[in-house]
Amino acid sequence: MKVLKFGGSSVATADSIKKVWQIALNESVNNKIIVVVSALGGVTDLLQQVGEQANNKEEDYIDTWQKIGQRHLATAKELNLNESAIAQIGELLDRLKNILQGVYLINEFSDKTKDKVLGFGELLSAFMISEIANEQNISVVFKDSSALIKTNDHFTQAEVLQPTSDNLIREYFSKENSQLIIMPGFIAKTITGEATTLGRGGSDYTAAILAAALEVNELEIWTDVSGMYTANPRLVAQAFAIPEISYHEAMELSHFGAKVLYPPTIRPVLQKNIPILIKNTFKPTEAGTRISNGSFPNQNPVKGITHLDDIALLTLEGNGMVGIPGISKRLFEALSAKNINIILITQASSEHSICVAVDAVDKTRAATAIDSMFKYEMSSGELQTTIVEENLSVIAVIGDGMKSHQGVSGDMFSALGKNNVNIRAIAQGASERNISAVIAQKDVNKALSVLHYRFFEEQIKTIHLFIVGVGNVGARLLAQIAKQQAYLLDQLMLQIKAVGLSNSRKMIFNPSGIPLDKWEEQLENGEANEGDAWFTRLCQFNLPNSAFVDITANAGVANMYSRYLKESIAVVACNKIACSNDYGNYKELKDLSKKYHAPFLFETNVGAGLPVINTLNNLINSGDKVNEIQAVLSGSLNFVFNNFNDERSFYDVVLQAQKEGYTEPDPRIDLSGVDVARKIVILARESGHEIEMDAIVNKTFLSTAGTKANTVSEFLETLKVDALHYETLYKKAKQHHSRLKYVASFKDGKASVGLQEIPVDHPFYNLEGKDNIVLFYTNRYVDQPLIIKGAGAGADVTASGLFGDIISLKNQ
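The rules behind these values
Residues numbered from 1 in each chain as written. Predicted model: local features only at pLDDT ≥ 70, side-chain atom pairs only at ≥ 80, totals over all residues. Heavy atoms only, no water. Pairing = 2+ DSSP bridges. Helix = DSSP H or I, 4+ residues; strand = E, 2+ residues; numbered from the N terminus. Axes fitted to C-alpha atoms, helices over the stretch in contact; angles between N-to-C directions. Contact = heavy atoms within 4.5 Å. Buried < 20%, exposed > 50% of the residue type's maximum accessible area, 1.4 Å probe, protein only. Polar contact = N/O pair within 3.5 Å; in protein donor to acceptor, adjacent residues only side chain to side chain. Arc of directions from axis to C-beta. Core = buried A, V, L, I, M, F, W, Y, C linked by side-chain atoms within 4.5 Å. Expected span 1.5 Å × (residues − 1). Patch = residues over 30% accessible without salt bridge, like charges linked within 9 Å, V, L, I, M, F, W, Y side chains within 5 Å. Areas by Shrake-Rupley, 256 points an atom, 1.4 Å probe, with all protein chains shown as cover. Salt bridge = Lys/Arg side-chain N within 4 Å of Asp/Glu carboxyl O. Lys, Arg positive; Asp, Glu negative; His and termini not counted. Charge placed at Lys NZ, Arg CZ, Asp CG, Glu CD.

**Q** Help me get a handle on the sheet that holds strand E12 (residues 304–317), residues and values and all.
**A** Spatial ordering of the open sheet is given by E13-E14-E12-E15-E17-E16, a layout of six strands whose pairing is antiparallel. Strands with a single pairing partner mark the edges of an open sheet, and in this sheet they are strand E13 (342–347) and strand E16 (423–428). Averaged over all pairs of adjacent strands, the angle between strand axes in this sheet comes to 30°, irrespective of strand direction. Where E12 lies against strand E15 (residues 387–398), nine bridges are found, and the strand directions are antiparallel. The residue bridging Leu314 from the neighbouring strand is Val388, located in E15. The strands touched by helix H9 (residues 247–255) within the sheet are E12, E15 and strand E17 (434–440), with E12 carrying the most contacts at an inclination of about 65°.

**Q** Outline the sheet that holds strand E21 (residues 527–528), listing residues and values.
**A** One open sheet accounts for seven strands, arranged E21-E20-E19-E18-E22-E23-E24; its pairing is mixed. Each edge of the open sheet is held by one strand with a lone partner, namely E21 and strand E24 (600–601). Where strand E18 (residues 461–468) lies against strand E19 (residues 494–502), eight bridges are found, and the strand directions are parallel. Bridge pairing in E19 links Thr462 to Gln495. Helix H18 (residues 533–541) rests against E18, E19, strand E20 (506–509), E21 and strand E22 (546–550) of the sheet, and its axis sits at about 5° to E20.

**Q** Explain the side chain of Glu122 residue by residue, including any values.
**A** Within the secondary structure, Glu122 is located in helix H6 (residues 120–135). Judged by its relative accessible area of 4%, Glu122 falls in the buried class. Only 3.1 Å separates the side chain of Glu122 from the backbone nitrogen of Ala39, close enough to count as a polar contact. If near-sequence neighbours (up to four positions away) are discounted, Glu122 is found in contact with Val37, Ser38, Ala39, Thr44, Pro184, Gly185, Phe186 and Ser203.

**Q** Summarise helix H29 (residues 712–721); cite the residues concerned and give the values.
**A** Considered for burial, the residues of H29 that qualify are Phe715, Leu716, Thr718 and Leu719. Down the axis of H29, the smallest arc covering the buried residues is 150°, so these residues share one side. For H29, the exposed residues lying more than 90 degrees away from the buried face are Ser713 and Val721. Elements that come into contact with the buried residues of H29 comprise helix H25 (650–659), helix H26 (668–671), helix H28 (704–708) and helix H30 (723–735).

**Q** Could you give me a rundown of the nonpolar core, with the residues and numbers involved?
**A** Ranked by internal contacts, the top residues of the largest apolar core, which has 82 residues, are Phe650, Ile680 and Phe776. Element by element, the count of residues in this core is highest for helix H27 (residues 674–686), at seven residues. Ignoring any residue separated from it by four or fewer positions in sequence, one finds Phe650 in contact with Val640, Phe641, Phe644, Leu671, Phe701, Leu719 and Tyr726. Grouped together as the second largest cluster of nonpolar side chains are 53 residues, Ile33, Val50, Ile132 and Ile182 included.

**Q** An account of helix H15 (residues 444–455) is needed here, citing residue identities and associated values.
**A** Between its first and last C-alpha, H15 extends 16 Å over twelve residues, near the 16 Å set by a 1.5 Å rise per residue. Most of H15 is tucked away, with nine of its twelve residues classed as buried. For H15, the full list of buried residues reads Val444, Lys446, Ala447, Leu448, Val450, Leu451, His452, Tyr453 and Phe455. Buried residues along H15 sit against E12, E15, helix H14 (408–418), E17 and E18.

**Q** Talk me through a negative patch on the surface; I want residue IDs and the actual numbers.
**A** Where like charges cluster on the molecular surface, the negative patch consists of Glu52, Glu58, Glu59, Asp60 and Asp63. The topology assignment puts Asp63 in helix H3 (residues 61–78). What makes Asp63 partly exposed here is its relative accessible area of 48%.

**Q** Explain the environment of Phe456 residue by residue, including any values.
**A** Topologically, Phe456 is positioned in the loop between H15 and E18. When the C-alpha atoms of Phe456 and Thr230 are compared, they prove to be 7.9 Å apart, with 226 residues separating the residues in sequence. Apart from the residues within four sequence positions on either side, Phe456 is in contact with Thr230, Phe240, Asn300, Val302, Lys303, Gly304 and Ile305.

Structure representation (structure tokens):
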């Protein structure tokens, strides 16, 4: 014998009911089958609503009743039920209407009346399903489960009278020979015949009571998901069905928010060691989850991650608690007297405070009850008034194997901490089957994702990118990411998703990832990027492993870095402003990066894609000391002076560099030396020196008119007018058998930038095209410097440097 229970989603429509019927028929071929059904999906809520409307004397309660009736009659017709069955459905609806009219007239919708109203959903659905058999000439019995299951009179949450119910169930089924019996779940009656219910979700409980009383081979719970999942699949896309799980694990998951099972369901079958199988009505061939009394030593010690929302945390604290016995007893008595359920308890070993988590709807009553109980201690200052914190959730990691497996709690708290999920309270039972933490409700999705990644996923890390500045370099970066996605996933187990893109006008978001072959079109049609909208939206997504990528030269964007880091969002910057402006700001960003476990990476600030900063960091971290830096740090200026000769004017070369993207749209930024000065400041700071931009000696080579030009066009015009000035610089260097290079130097705490004549035997002499070169003289590299050389400008290499920083986030 088997008991099959079908939930509201399984009987929501005529089509789904047909699936239920087919499953039941298939199972009844080889087994005697009891089918327990819930109300049609959403009907119980409508019944609650119509009762409240009638109680509030809202005349449109009749409209809601008609809506309920139309739903059932339409479903019955779609199922091709005969006129007799439809008439009986009408009689049930009329009985419901009569009760509602009474509620309307006398304003009485007590728990007792509520149970009468709410039970109609299951009665109607079970009757309709049983009537399908008559149309197909199949022998099926409809049995009202309230005739067999007896309870006390705690209406809406009635407690089952177990021996009485078991005897009635056994007696009935000992005489019932039908192969298929259809029964409504959820409903019961007192010994005196008053209608009661087993609590919301109680249809599972009905099925378990029947299964335990009859000691069936298996209890099957059919729903709209393929078992109990490692996490809520609606919140964690990577969640998967758990093949096998113990009774205790299932109870923990059910209690802490896994909606597949109603928590009391497991108790009756646990006592009889009857397995439960969770199956999907809409995918009946999938294996589902088997719940039993077995142990699974070779499986993951963590079986699932779940959560409860809408939690309030109440804290009682004060010096008057220390060493005083009975405080906890009085606290629990105060809450118990008000029928308030405690979800979680934690107490500091100092005995200075005790916290309890309760349902948010109970917070005011709970705080009042505690304050009343400890009124004397609070008035004398021994205890403080109860502290109430709201908008919280409980997140729990569950598994039998955690007891014999070290490090689970450490992994849990480490994963949460690295993603800026603050823990307000922690609880772990002696069984070590459940580790619970109270966190902000806004962090639930992120917490579930990071914990699921840590405990269940083949360690594929997903980095969520929010990119500002999608011009030349930004477009190349997105193209490189698109090209390398398969390789990164296969070789590095790394998934990179661009989830937010923005330019100065528009912005787009997609937490699942923006299609990288359509981003330009989508951005053009995106929403307006105004004020703080970008940052606000980014924070609202609250995605794990988020990184903000700045590919602008905008000071306003750079000034936002601290806000990102404080949200534990990594910052990858091409923008040099933040690291070269005020030293205090630079230091604060580095400190925030450490404090909030949010990497702050800016390799492309110096040398575009060259590993200059990374190499420098490795030198310092390994104990070396940088004594001197000599460098050509502007690919733009190197390109200009490598192409400037007797045959080409300085103006023509600068114009070419501008058109080919080697300079900024405003070439003064490059030719003024300010950009190079920023780079040497960054290298000096990364070497451990505190230095400001105004301490850099900038030996400009521009003409006087060039330095005073107010616009780009005026500046370019000075290059024509002052052509002789630039020709003189070139000819002088040529006479000395030298080449012109714009050099940055740092030594003895002092830095300078300027145009120099480089002799033939110098490492800088043969630097071609747009290349950069950096010479590090250190305690280890004394006579021969450590040299880094390569392309230091261009969209592709700069994008490559940013890409490298992003990839490095995998290990940070």
